[in-house]
Amino acid sequence: MRVQDVKIMMPSAAKYIDLLTDFGFKRVFGDKELLRAFLNALFEKEGKVIKSVRYINKEMTPSNKTDRTIIYDLFCKLEDGGDVIIEMQRKSQETFRERALYYMSRAIDRQANGKHDWNYKTCPVYGVFITNFHLREVRLPDTPLSEYVIMNKVTHEQFTDKFRMIFIDLLSFCKDDEDELDTDLDKWIYSIKNMGTMTKTPKIASAGVFERLYSAAELAAMTPRQRNRYEASLRIHWDNIADRETTRIRIEQGRAEGRAEGRAEGRAEGHAEGRAEGERLKALAVAMNLKTLGMSTDMIAIATGLGEEEIINLSPSSDDKAQ
């Protein structure tokens, strides 16, 4: 396949918005009840229950000229004072781990803003980073979820409960059948990954918060203005997919060309080695004949190009091998 042949195939009868688009992500997670349900599914295993969330300004202006402005996809505060950052990264970025760390650090720094008597007592900061690509050395095998805290390197004792990063790798989520979805978190990840390609209502949309989710994401419920905004966001998403696919094809082409060059070089080296060995066997046969006729070793060496020691060691058995 040539790079220019890359095409993005999307279903023409899609029933729901794609949550991997900027519009789709903000439409769904801009609903407090849906956001609260998603976070509760994420923290369910540790028994943490989120009763309410409050959206706060997503833009963090720089504190000095060397800092950069941060605009989070979603920034909210929990009822216990904890901050939650949710970022959807659709396009592969080599330094995304460092970016996530920077976002978390700035969120902690934000807690001191405007406080003259701050004693460094911080509220927890949770970072939820959803990626539509594999993040090297972050994800665990066969699971889409990876969690990171600060802990003692030797004892693995957690140093603080105020800092936690959660990465959700959508490409590592391999449950394609609804019957495989065991938990609410499974259903959320399944929906985030697949909703934009669904042409019919899934079974999970029939009850609970997922009925609300799929109702909010239904294309037919959107106004013409919302539809236009969504389609503009969708085109950006398609461009990202095309860029990623083009990069993949170029890498595969480079590998194929490298393998072909390697095979060609190997064949050339093999032919050369074969010719050299054939010439040597001929020289050995000639040397054995000349030695049998009584020619001196130095003359045989001149005639055949073989070394004198090799000629001295010639015997009828080696002559047989040469033949």
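Look a little higher up for the structure.
Throughout what follows, the structure given in this document is the object of discussion. (Residues numbered from 1 in each chain as written. Predicted model: local features only at pLDDT ≥ 70, side-chain atom pairs only at ≥ 80, totals over all residues. Heavy atoms only, no water.)

### A word on the nonpolar core
Judged by nonpolar contacts, the single largest core of 49 residues is most densely connected at Phe38, Leu39, Ile86 and Trp188. It is helix 2 (residues 32-42) that provides the largest number of residues to this core, a total of seven residues. When sequence neighbours within four positions are dropped, the list of residues in contact with Phe38 reads Phe29, Ile86, Val128, Ile130, Ile168, Trp188 and Ile192. (Core = buried A, V, L, I, M, F, W, Y, C linked by side-chain atoms within 4.5 Å. Buried < 20%, exposed > 50% of the residue type's maximum accessible area, 1.4 Å probe, protein only. Helix = DSSP H or I, 4+ residues; strand = E, 2+ residues; numbered from the N terminus. Contact = heavy atoms within 4.5 Å.)

### Let's talk about the pairing of strand 4 (residues 74-78)
For strand 4, the buried fraction is high: five of the five residues fall into the buried class. For strand 4 and strand 5 (residues 83-89), the ladder comprises four bridges, and the chain directions are antiparallel. Following the sheet pairing, Leu74 is matched in strand 5 by Ile86. Once strand 4 ends, the chain turns through four residues before running back antiparallel as strand 5, passing Gly81 with a positive phi of about 95°. (Pairing = 2+ DSSP bridges.)

### Here we look at the sheet that holds strand 5
A sheet is described by the order of its strands in space; here six strands give the open sequence 1-4-5-6-8-7, paired in mixed fashion. The strands lining the two open edges of the sheet, one partner per strand, are strand 1 (53-55) and strand 7 (145-149). Between one strand axis and the next, the sheet turns by 20° as a mean value, whatever way the strands run. The sheet contact formed by strand 1 and strand 4 spans three bridges and is antiparallel. For Arg54, the partnering residue across the bridge sits in strand 4 and is Lys77. (Axes fitted to C-alpha atoms, helices over the stretch in contact; angles between N-to-C directions.)

### Some remarks on a negative patch on the surface
Together, Glu257, Glu261, Glu265, Glu269 and Glu273 make up a negatively charged patch on the protein surface. Mapped onto the secondary structure, Glu265 falls in helix 6 (residues 224-292). (Patch = residues over 30% accessible without salt bridge, like charges linked within 9 Å, V, L, I, M, F, W, Y side chains within 5 Å. Areas by Shrake-Rupley, 256 points an atom, 1.4 Å probe, with all protein chains shown as cover. Salt bridge = Lys/Arg side-chain N within 4 Å of Asp/Glu carboxyl O. Lys, Arg positive; Asp, Glu negative; His and termini not counted. Charge placed at Lys NZ, Arg CZ, Asp CG, Glu CD.)

### Digging into the pattern of salt bridges
For the structure on display, the rule yields 11 salt bridges. Among the ionic pairs, Asp22 bridges to Lys26, the shortest N-O distance being 3.3 Å. Within this pair, Asp22 and its partner Lys26 are both found in helix 1 (residues 22-29), separated by four residues, close to a single helical turn. When its relative accessible area of 33% is taken as the criterion, Asp22 is described as partly exposed. Residue Asp31 is joined to Arg212 by a salt bridge in which the shortest nitrogen-to-oxygen separation is 3.1 Å. Of the two residues, Asp31 sits in the loop between helix 1 and helix 2 while Arg212 sits in helix 5 (residues 208-216), which places them 181 residues apart along the sequence. For Asp31, a relative accessible area of 17% gives the class buried. Here the salt bridges do not stand alone but share partners, grouping Lys175, Asp182 and Asp186 into one network.

### Here's the deal with the packing of helix 4 (residues 184-194) against helix 5
Where helix 4 meets helix 5, the closest approach of the two axes is 11 Å, and the angle between their N-to-C directions is 10°. By the angle between their axes, helix 4 is roughly parallel relative to helix 5. The residues of helix 5 that touch helix 4, namely those facing Asp184, Lys187, Trp188 and Ser191, are Phe210, Leu213 and Tyr214. (Parallel < 35°, antiparallel > 145°, perpendicular 65-115°, else oblique.)

### Examining the packing of aromatic side chains
Inspection of the entire model under this criterion finds 15 aromatic pairs. Seen from their ring centres, Tyr102 and Tyr103 are 6.5 Å apart, and the 50° between their planes marks the pair as tilted. Note on Tyr102: relative accessible area 28%, which makes it partly exposed. Measuring from centroid to centroid gives 5.2 Å for Trp118 and Tyr120, while their planes differ by 50°, and the two rings are tilted. Relative accessible area serves as the criterion here: at 24%, Trp118 is assigned to the partly exposed category. Overall, the relative accessible area of 68% leaves Tyr120 in the exposed class. Through a chain of ring-to-ring contacts, three or more aromatic side chains come together here, namely Phe25, Phe29, Phe38, Trp188 and Phe210. (Phe/Tyr/Trp six-rings, centres within 6.5 Å; stacked < 30°, edge-to-face > 60°.)

### Quick notes on the packing of helix 2 against helix 4
Following both chains from N to C, one finds helix 2 and helix 4 inclined at 125°, their axes separated by 8 Å at the closest point. Comparing their axes, helix 4 and helix 2 come out oblique. Crossing geometry of helix 2 relative to helix 4 is assigned as left-handed. Where helix 2 abuts helix 4, its residues Leu34, Ala37, Phe38, Ala41 and Leu42 lie against Asp184, Leu185, Trp188 and Ile192. (Left-handed = near helix turned anticlockwise from the far one by under 90°.)

### Describing a nonpolar patch on the surface
On the surface, Met295, Met299 and Ile302 cluster together into a nonpolar patch covering about 310 Å² of accessible area. Residue classification places Met295 among the partly exposed residues on the basis of a relative accessible area of 35%.

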